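Now for the letters of each chain:
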Number of protein chains: 2
Amino acid sequence: MRTLGIQEIEDIALGAALLGAGGGGDPYIGKLVALGAVKECGSVTLLDPEEVPDDALIVSIAMMGAPTILSEKAVGGQEYKVLYEAMSQYLGKEIYAFIPIEAGGVNSMLPIAACARLGLPLVDADGMGRAFPELQMVTFTIGGIEATPMALTDEKGNSVIFRTVSNKWTEELARAVTMSCGGSVSVCLYPVTGAQLKQYAVKNIVTRSQRLGEAIRTVKDAKGQTPEEHFLEFSNGYKLFRGKIADVLRETRGAFNLGKVMLDGIGEYRGHTAFIEFQNENLLASVDGEIVATVPDLICLVDMETFHPVTTDALKYGKRVLLIGLTCFGMWRTPAGLELVGPRYFGCDTDYIPLEERCKGGLGHV
Amino acid sequence: MRTLGIQEIEDIALGAALLGAGGGGDPYIGKLVALGAVKECGSVTLLDPEEVPDDALIVSIAMMGAPTILSEKAVGGQEYKVLYEAMSQYLGKEIYAFIPIEAGGVNSMLPIAACARLGLPLVDADGMGRAFPELQMVTFTIGGIEATPMALTDEKGNSVIFRTVSNKWTEELARAVTMSCGGSVSVCLYPVTGAQLKQYAVKNIVTRSQRLGEAIRTVKDAKGQTPEEHFLEFSNGYKLFRGKIADVLRETRGAFNLGKVMLDGIGEYRGHTAFIEFQNENLLASVDGEIVATVPDLICLVDMETFHPVTTDALKYGKRVLLIGLTCFGMWRTPAGLELVGPRYFGCDTDYIPLEERCKGGLGHV
């Protein structure tokens, strides 16, 4: 058990945005929401998963929709209470604590804001260990846990409770409502017991985000290493490419941000070209036509100077970026994991090959 | 209080399909659902609105979506129980009785099936006195009554509860879910007290449907009148046209059946042409380019020989039909009523003129 104050939140936002793998929303917006809540209502208690009673009710809280839309619509602040009450009333049990559903600039921050405003603790765990675009893509689904009852609310005050026959149906129906509500809403889902949480969640992800954020913040202070060497070391990152954003193709469809970004190589990558495809999150990266990383491994772009993560909603022509890969949580590499979030699910015509295999001796490691 | 058995149901299905004004679904399908339930579980008690206690909870039950899709998907039978439990649990009060939300071949039958299967009475009232395509189009909306909490379920077992800031938002969100569920679902909405029911509902609509159905069934037995004269007399119908269906344009969009039908005149209408536009229900009828009737008045097509109603999902090239107009429930002719369901709401560029004015001396009354 420890306390999350201003500096912790700043670092978590930064680190979680890296783990967001391009998705999870703008860490600046996320930070504002969490800092605002903590300044107004006091700091938040972070519980280790082992501190949660086995029969406690733990619920994920998140924004659903296209991150680009969230930046314009933002969130009100009434949403958390509406969601809390809808879930507690429906389940007939008080919520013990919230968890983030995923790591990301916004979705690791909203749960902190919700906890601050409702006086609840946050548990140091999530359902992805990164960000994914669809709501059935959580380790809980692998554990056979239902996404519903799920509560959804928008900034206007509409609210909806779903109870579905599968987590894919939850995604389908909640996505339709999200689009009708303008493309971005707040949701509360995957009610789990403390025991289920300990078995299936990705543990200590808030702490990992915070450590990554701290390290990014202090990357220039490294002794005896270049900042880039230091960044790759503390993040356990595989360097895949370095380049200038030469083109961004982007569309918002089905409350997703879809698109492609092209990088022209810089430095040791001069003359080479990289492509990254995304659906909210980066799905696949290729260099000179050869795939260097795919989901579920994390494909991340960071600013070449500051090493701050560049989310897909902030891609801009001319920006100089470093492309890195991070290995995903082990459960995603099982057959059940790959069925949910492997490259073929997203329409990429390739089998999953672990990042570390793909990178062996390739241009990725010049 | 009286009992609805087999013959009553047959007649209600027929008469309500006429009041469905082209919408409300296929009376044959509706009848099968209601008769199946009554044969299995026993007949249904029909209450007069005045027999309902003022504080009783009364709820509308209906199918939502495109009638053409309903004919293929049908309904399971588990839906009523799911809806009943979702509503009762959410409101913390037992449902006293169901009412139909509208008159129509399917939507006057589903409530009978639900009442039979759950052992509840039906109240002789609805929210439209005809059928309309969108769910905010009920007299309850004029009375400031909320459509939500509303429960929705599909044949797969998915269920959703809505709580919205306006009845237009209920329509918006429920329509999105209906489309995602395949275009046709069962819903339970407009929870009202007995007192509200007595003040705002269209009363005795089940009985009116039954009388109309009886009369259609026995139209050939009229003495001293042609069947057509007899039909127009008992239905209080304005004869607008008689013709052969020469063309049907049809599309299913947004879980609505949209389209247009063209009639070539027969008999006294030879050489003339009529058009009818519909969105599930018939919205506007014109003869030789001149409007003869618009919503909210009822525009109905019936078979020229049998006087059985022809719903928009059953329009077929070559069919010979009589086009008639029926005056709508008085509340629809108020400014608040016309704002909800007047011709301009449906994109028809004309003010509402009551049917009886439009028909004065026109070709409609040759």
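Predicted, not measured: the structure shown is a model, and the values here were computed from it. (Residues numbered from 1 in each chain as written. Chains lettered and ligands numbered in written order. Predicted model: local features only at pLDDT ≥ 70, side-chain atom pairs only at ≥ 80, totals over all residues. Heavy atoms only, no water.)

**Some points on the environment of Asn-107 of chain B**
Residues and elements named next belong to chain B.
- Among the secondary structure elements, Asn-107 is positioned in the loop between strand 4 (97-100) and helix 5 (110-118).
- The buried category is assigned to Asn-107, whose relative accessible area is 2%.
- In the structure, Asn-107 is positioned 46 residues away from Ile-61 in sequence and 8.0 Å away in space, judged by C-alpha atoms.
- Beyond its immediate chain neighbours, meaning those up to four positions away, Asn-107 contacts Gly-24, Ala-62, Met-63, Pro-100 and Glu-102.
- Within polar-contact distance, the side chain of Asn-107 engages the backbone nitrogen of Met-63 at 2.8 Å.
- Here the side chain of Asn-107 touches Glu-102 through a polar contact of 2.7 Å, side chain to side chain. (Helix = DSSP H or I, 4+ residues; strand = E, 2+ residues; numbered from the N terminus. Buried < 20%, exposed > 50% of the residue type's maximum accessible area, 1.4 Å probe, protein only. Contact = heavy atoms within 4.5 Å. Polar contact = N/O pair within 3.5 Å; in protein donor to acceptor, adjacent residues only side chain to side chain.)

**Topic: the interface of chain A and chain B**
- Counting residues at the interface gives 19 residues for chain A, matched by 19 residues for chain B.
- A buried area of about 1,700 Å², summed over both sides, lies between chain A and chain B, and 59% of it is on carbon and sulfur atoms.
- Among the residues of chain A in contact with chain B, Asn-158, Leu-173 and Ser-180 of chain A are the three that bury the most area, contributing 27% of the side total.
- The interface formed by chain A and chain B contains 0 salt bridges.
- Connecting chain A to chain B are 5 residue pairs in polar contact (both at pLDDT 80 or more).
- Secondary structure elements with two or more residues in the side of chain A that touches chain B: helix 4 (79-91), strand 8 (159-163) and helix 7 (167-180) of chain A.
- It is helix 7 of chain A that contributes the most residues to the side of chain A that touches chain B, 6 residues altogether.
- Considered class by class, the residues forming the side of chain A that touches chain B number 10 nonpolar, 6 polar and 3 charged.
- By the bridge criterion, 5 bridges tie strand 8 of chain A to strand 8 (residues 159-163) of chain B in an arrangement that is antiparallel. Within strand 8 of chain B, the residue paired with Phe-162 of chain A across the bridge is Val-160 of chain B. (Buried area = accessible area lost by both parts, 1.4 Å probe. Salt bridge = Lys/Arg side-chain N within 4 Å of Asp/Glu carboxyl O. Nonpolar A, V, L, I, M, F, W, Y, C, P; charged D, E, K, R; others polar. Pairing = 2+ DSSP bridges.)

**Here we look at the environment of Ile-276 of chain B**
Residues and elements named next belong to chain B.
- Along the chain, Ile-276 turns up in strand 13 (residues 273-279).
- With 68 residues separating them along the chain, Ile-276 and Arg-208 place their C-alpha atoms 25 Å apart.
- When neighbours within four sequence positions are excluded, Ile-276 is seen to be in contact with Gly-259, Lys-260, Val-261, Leu-263, Asn-282, Leu-284, Ala-285, Ile-299, Leu-301 and Leu-323.

**With respect to the confidence of the model for chain A**
- Averaged over all residues, the pLDDT of chain A equals 92, while 96% of them reach at least 70.
- Reported confidence for the predicted complex is 0.80 by ipTM and 0.84 by pTM. (pLDDT = per-residue confidence, 0-100.)

**Things to note about the side chain of Asp-297 of chain B**
Residue and element names in this part refer to chain B.
- Structurally, the position occupied by Asp-297 is in the loop between strand 15 (290-294) and strand 16 (298-303).
- Relative accessible area serves as the criterion here: at 0%, Asp-297 is assigned to the buried category.
- Within the structure, Asp-297 has its side chain in polar contact with the backbone nitrogen of Leu-355 (distance 2.9 Å).
- Among all residues touching Asp-297, those that are not within four sequence positions of it are Arg-130, Leu-326, Thr-327, Cys-328, Arg-333, Tyr-352, Ile-353, Pro-354 and Leu-355.

**Digging into the relation of the copies chain A and chain B**
- Here chain A sits on chain B after a turn of 180 degrees about the axis and a move of 0.0 Å along it, with an RMSD of 0.0 Å. Read as a symmetry element, the transformation amounts to a two-fold axis. Minimal C-alpha distance to the rotation axis in chain A is attained by Ile-161 of chain A, lying at 2.5 Å.
- In this assembly, 100% of the residues forming the interface of chain A have copies in chain B that are likewise at the interface, indicating an isologous arrangement. (Least-squares fit on C-alpha atoms with pLDDT ≥ 70 in both.)

**Notes on the packing of helix 9 (residues 205-217) of chain A against helix 10 (residues 227-235) of chain A**
Residue and element names in this part refer to chain A.
- Relative orientation of the contacting elements helix 9 and helix 10 amounts to 170 degrees, with a least axis distance of 10 Å. Classified by the angle their axes make, helix 9 and helix 10 are roughly antiparallel. Judged by residue contacts, Arg-208, Leu-212, Ala-215 and Ile-216 of helix 9 engage Phe-231, Phe-234 and Ser-235 from helix 10.
- The class makeup of the residues in the contact of helix 9 with helix 10 is 5 nonpolar, 1 polar and 1 charged. (Axes fitted to C-alpha atoms, helices over the stretch in contact; angles between N-to-C directions. Parallel < 35°, antiparallel > 145°, perpendicular 65-115°, else oblique.)

**Brief notes about the sheet that holds strand 14 (residues 281-287) of chain B**
All names here are of chain B.
- Overall, antiparallel pairing links the 7 strands, which are arranged 15-14-13-12-11-17-16 in an open sheet. A strand with exactly one partner marks an edge of an open sheet, and here the two such strands are strand 15 and strand 16. Direction aside, neighbouring strands of the sheet carry axes that sit 35 degrees apart on average.
- Of the pairings in the sheet, the one linking strand 13 to strand 14 comprises 6 bridges and is antiparallel in character. Considered in strand 14, the bridge of Glu-277 is made with Leu-284.
- On the sheet, helix 10 (residues 227-235) packs against strand 11 (238-253), strand 16 and strand 17 (320-326) and is oriented at approximately 25 degrees with respect to strand 17.

**Notes on the packing of aromatic side chains**
All names here are of chain B.
- One pass over the structure, following the stated rule, counts 12 aromatic pairs over all chains.
- Aromatic side chains Phe-241 and Tyr-269 sit 4.9 Å apart centroid to centroid with 50 degrees between the ring planes, which places their arrangement in the tilted category. Within this pair, whereas Phe-241 is found in strand 11, its partner Tyr-269 is found in the loop between strand 12 (256-265) and strand 13, the two being separated by 28 residues in sequence.
- When its relative accessible area of 0% is taken as the criterion, Phe-241 is described as buried. (Phe/Tyr/Trp six-rings, centres within 6.5 Å; stacked < 30°, edge-to-face > 60°.)

**Quick look at the side chain of Ser-180 of chain A**
- With respect to the helices, strands and loops of the structure, Ser-180 of chain A is situated in helix 7.
- Given a relative accessible area of 18%, Ser-180 of chain A falls into the buried group.
- Beyond its immediate chain neighbours, meaning those up to four positions away, Ser-180 of chain A contacts Trp-169, Glu-172, Leu-173 and Ala-176 of chain B.

**Points about the environment of Gly-23 of chain A**
Residues and elements named next belong to chain A.
- Tracing the backbone through its elements, the reader meets Gly-23 in the loop between helix 1 (6-19) and helix 2 (27-41).
- In this structure the C-alpha to C-alpha distance between Gly-23 and Thr-327, which are 304 residues apart in sequence, comes to 16 Å.
- Here Gly-23 is in contact with Gly-104, Gly-105, Ala-131, Asn-280, Glu-281 and Thr-311, once residues within four sequence places are set aside.

**Regarding the nonpolar core**
- In this structure, Phe-98, Ile-112 and Phe-231 of chain A together with Phe-98, Ile-112 and Phe-231 of chain B are the most contacted members of the largest nonpolar core, which totals 206 residues.
- In contact with Phe-231 of chain A, other than residues within four places in its own chain, are Leu-18, Ile-216, Val-219, Val-302, Phe-307, Leu-322 and Ile-324 of chain A. (Core = buried A, V, L, I, M, F, W, Y, C linked by side-chain atoms within 4.5 Å.)

**A closer look at the pairing of strand 13 (residues 273-279) of chain A**
Residues and elements named next belong to chain A.
- Across 7 bridges, strand 12 (residues 256-265) lies against strand 13 in antiparallel orientation. Bridge pairing links Lys-260 to Glu-277 in strand 13.
- Counting the residues that bridge the hairpin from strand 13 to strand 14 (residues 281-287) gives 1 residue, and of these Asn-280 lies at a positive phi of roughly 60 degrees.

**Here's the deal with helix 2 (residues 27-41) of chain B**
- Over its 15 residues, helix 2 of chain B runs 21 Å from end to end, which matches the ideal 21 Å to within 8%, given 1.5 Å per residue.
- Where helix 2 of chain B is concerned, the buried positions are Pro-27, Ile-29, Gly-30, Lys-31, Val-33, Ala-34, Leu-35, Ala-37 and Val-38 of chain B. (Expected span 1.5 Å × (residues − 1).)

**Quick word on the sheet that holds strand 17 (residues 320-326) of chain A**
All names here are of chain A.
- Spatially, the 7 strands line up as an open sheet ordered 15-14-13-12-11-17-16, and their pairing is antiparallel. A single partner strand is all that each edge strand has here, and the edge strands are strand 15 (290-294) and strand 16 (298-303). Here the strands of the sheet are splayed against their neighbours by 35 degrees on average, with no regard to which way each runs.
- Where helix 10 meets the sheet, it contacts strand 11 (238-253), strand 16 and strand 17, and its direction lies at approximately 25 degrees from that of strand 17.

**Overview of the pattern of salt bridges**
Residue and element names in this part refer to chain A.
- Summed over all chains, the structure comprises 40 salt bridges over all chains.
- Note that Arg-242 and Glu-268 form a salt bridge whose closest N and O atoms lie 3.5 Å from each other. With a gap of 26 residues between them, Arg-242 in strand 11 and Glu-268 in the loop between strand 12 and strand 13 connect regions that are remote in the sequence.
- Note on Arg-242: relative accessible area 16%, which makes it buried.
- On the accessibility criterion, Glu-268 (37% relative accessible area) is partly exposed.

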